[in-house]
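As a plain string of letters, each chain reads:
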Amino acid sequence: MEAQDYYQALLSHDARFDGRFFVGVTSTGIYCRPICRVKAPSLKNCQFYSSAALAEAQGFRPCLRCRPEQAPGLSQMDATHTLAHQAAQLIKQAQVQDTVQLSKRLGVSERHLRRLFQQAFGVAPSHYLRTQRLLIAKTLLTDTQLPVNKIAIYAGFGSTTQFYQHFKTHYQLTPTDWRRNSPPQAGAMTFKLAYRPPLDWAHLLNYFKTRCIKGVEMVRADIYFRTVALADAQGQWHEGWISISPAPKQHALQLTVSDSLEAVIPQVIARVRSLCDLDCEPDAIHQALGELANPATGLRVPGAWDGFEIAVRAVMGQLVTVKAALTLVGRMAELAACKVATPYPELYQRFPLAHDFLKVSDETFSAYKIQPRKVEILRHIAALIVQGELVLDSSADYHTSYQQLLSLKGIGAWTASYIAMRTLRWPDAFLVDDYWIKKLLKVATAKQAETIAHQWKPWRSYAVMYIWRNGTCT
């Protein structure tokens, strides 16, 4: 896009452009999202950037009103930038402390990573990491009453002094002054997570509702609740609950987080964005799917809170109905006995993580009629996750993790594709051998289904959701 095109998009305040670019205003030194409702600056005072990090690298400060840290991200479709995308996801998920750790996680040199990251995002990974920390700190300053010293640690700064220095240098205000000048927050531990419209929340909520694990998840009215557990940077585990509700007038979902999760808020936000597919690009998807996406658009591919949980759902769902699989998955949760205290009687346990699953004996599973073959498959997956040899989240390389799954005994193309679709956020996974897919496409073989689906590349995961929706298959 040329500058004039960006400017016209800015004047439209169209939420479909949100997160696709940011505008730096030279007369104020502030950068905004294209949906910002302040009076539009003249074109001569506008500079356009592909990311918040790039705008901040040029010396611009984030707008207090439109809050650039809330903007949705972008789906990664360019294969040449896969490694940079993985690095960005690890940073957003607060999984790394510095660029040394980041390059080690990805198995490349710092120099190589810096070169690839610069090509993809226009800034070095160290600058992207610092910007992400500052934006998370800004979120915590605005949307919580947490003390500044805790915010410094939770956002990833080494000390309160370091936090004050970086914040004052980049934003020309101390954290305390920033909080004083910020608009009042929506409520304690409540955050707005923006998306590009449309989003069919009713369909997404129904998908979760029909798969709610007893004691772990529930749906009340139009709100989704679940229990969660996350480890902080020091390896300490934090358990609690979250709720997600719609805020359609703001093109956002509202996330409420229990106080017990304050130390892992950056991870919670990243996981909920992935769970609800909030970085989806509806326009590009609708254009690729054509009539398949009509009459209603805005379907999302339901993601995963935890990769191992989806692996359990997929393995237990082999050759059985959704209802039958849910019964087996519920037994897994009960047997692991990971109890969590919440204010809701319906929520009293969390789903076992990979390391929890490995502690349950074969005899216990057998007593509850869990097939030994499936337990063996899941033990193998859990062990690989615990050892760090298998990554099942959006920071993983699609093809590597998919091939790892396929190489495991008992994991076929359907299971591997389903796990990839929901945990890796792979937009082009397609369940070619799915019974309902073949039935609704009126074909007899997986090859025939794949031939038809070729027209929907590279968004075939979304094609799956539309095919299921059009056939009223939940």
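The preceding data block contains the structure.
Summary of the structure given here. (Residues numbered from 1 in each chain as written. Predicted model: local features only at pLDDT ≥ 70, side-chain atom pairs only at ≥ 80, totals over all residues. Heavy atoms only, no water.)

### Observations concerning helix 8 (residues 160–171)
Along its 12 residues, helix 8 runs 16 Å from first to last C-alpha, staying within 8% of the 16 Å computed at 1.5 Å per residue. Taken together, the buried positions of helix 8 are occupied by F163, F167, H170 and Y171. Along the axis of helix 8, the buried residues cluster in a sector spanning 80°; they form a single face. Turned more than 90 degrees away from the buried face of helix 8 sit T161, Q165 and T169, all of them exposed. For helix 8, the secondary structure elements touched by its buried residues are helix 2 (52–57), strand 4 (61–62), helix 6 (125–143), helix 7 (148–154) and helix 9 (175–181). Trailing helix 8 by a residue or two, Q172 shows a phi angle of about 60°, which is positive. (Helix = DSSP H or I, 4+ residues; strand = E, 2+ residues; numbered from the N terminus. Expected span 1.5 Å × (residues − 1). Buried < 20%, exposed > 50% of the residue type's maximum accessible area, 1.4 Å probe, protein only. Arc of directions from axis to C-beta. Contact = heavy atoms within 4.5 Å.)

### Focus on the packing of helix 13 (residues 307–316) against helix 14 (residues 322–336)
When two helices pack together, their arrangement is given by the angle between the helix axes and the distance between those axes. As a packed pair, helix 13 and helix 14 sit with axes 9 Å apart at the nearest point and diverge in direction by 135°. One way to sum up the angle between helix 13 and helix 14 is to call them oblique. Where helix 13 crosses over helix 14, the two elements pack in a sense that is right-handed. Of the residues in helix 14, those in contact with V312, R313 and M316 of helix 13 are A325, L326, L328, V329 and M332. Across the contact of helix 13 with helix 14, the residue classes tally to seven nonpolar, no polar and one charged. (Axes fitted to C-alpha atoms, helices over the stretch in contact; angles between N-to-C directions. Parallel < 35°, antiparallel > 145°, perpendicular 65-115°, else oblique. Left-handed = near helix turned anticlockwise from the far one by under 90°. Nonpolar A, V, L, I, M, F, W, Y, C, P; charged D, E, K, R; others polar.)

### Overview of the pattern of salt bridges
The final tally for this structure, using the stated rule, is 22 salt bridges. Across the pair R180 and D177 runs a salt bridge, and its minimum N-O distance is 2.6 Å. On the criterion of helical spacing, the pair formed by R180 and D177 is a turn pair, its members being three residues apart in helix 9. Assessed through its relative accessible area of 58%, R180 is described here as exposed. On the basis of relative accessible area, D177 is assigned to the partly exposed category, the value being 24%. Residue D277 pairs with R425 through a salt bridge whose shortest N-O separation is 3.5 Å. Taken together, the residues span a long stretch of sequence, with D277 in the loop between helix 11 (265–275) and helix 12 (282–289) and R425 in the loop between helix 19 (413–423) and helix 20 (435–441) at a distance of 148 residues. Residue classification places D277 among the buried positions, given a relative accessible area of 4%. Among the charged side chains, a salt-bridge network with shared partners connects R67, E69, K138 and D143. (Salt bridge = Lys/Arg side-chain N within 4 Å of Asp/Glu carboxyl O.)

### Here we look at the nonpolar core
Within the largest apolar cluster, 142 residues are counted, with the highest numbers of intra-cluster contacts made by I242, I244, L255, L289, I381 and F430. Per-element tally for this core: the top contributor is helix 6, with eight residues. Other than its neighbours up to four places away in sequence, F430 contacts S417, I437, L441, A449, A453, R460, A463, V464 and I467. With 11 residues, the next largest nonpolar core counts Y7, F21, C32 and C36 among its residues. (Core = buried A, V, L, I, M, F, W, Y, C linked by side-chain atoms within 4.5 Å.)

### Description of empty space enclosed by the protein
Applying the stated rule across the entire model yields four cavities of 30 Å³ or more. Roughly 90 Å³ of internal volume is contained in the largest cavity. Counting only elements with at least two residues in the lining of the largest cavity, the list comes to helix 10 (201–209), strand 7 (223–231) and helix 13. Examining the composition of the lining of the largest cavity, we find that three residues originate from one element, helix 13, more than from any other. A per-class count over the lining of the largest cavity returns seven nonpolar, one polar and six charged. In this model, the second largest cavity occupies a volume close to 60 Å³. Residue lining of the second largest cavity: R226, T227, V228, A229, W305, D306, E309, R350, F351, P352 and L353, and that is the complete set. (1 Å grid on protein atoms, 1.4 Å probe; cavity = no way out; pocket = protein on both sides within 12 Å on 5 of 7 lines; lining within 4 Å. Points joined across faces, edges and corners; volume = space filled by probe spheres on them.)

### Observations concerning the sheet that holds strand 3 (residues 46–49)
As summarised here, the arrangement of the four strands in space is 3-1-2-4, forming an open sheet in which the pairing is mixed. Here the strands that pair on one side only, and so sit at the sheet edges, are strand 3 and strand 4. Sheet topology note: the strand 1 (residues 22–25)/strand 2 (residues 30–32) ladder contains three bridges and is antiparallel. The residue bridging V23 from the neighbouring strand is C32, located in strand 2. Running at roughly 95° to strand 3, helix 1 (residues 3–12) makes contact with strand 1 and strand 3 of the sheet. (Pairing = 2+ DSSP bridges.)

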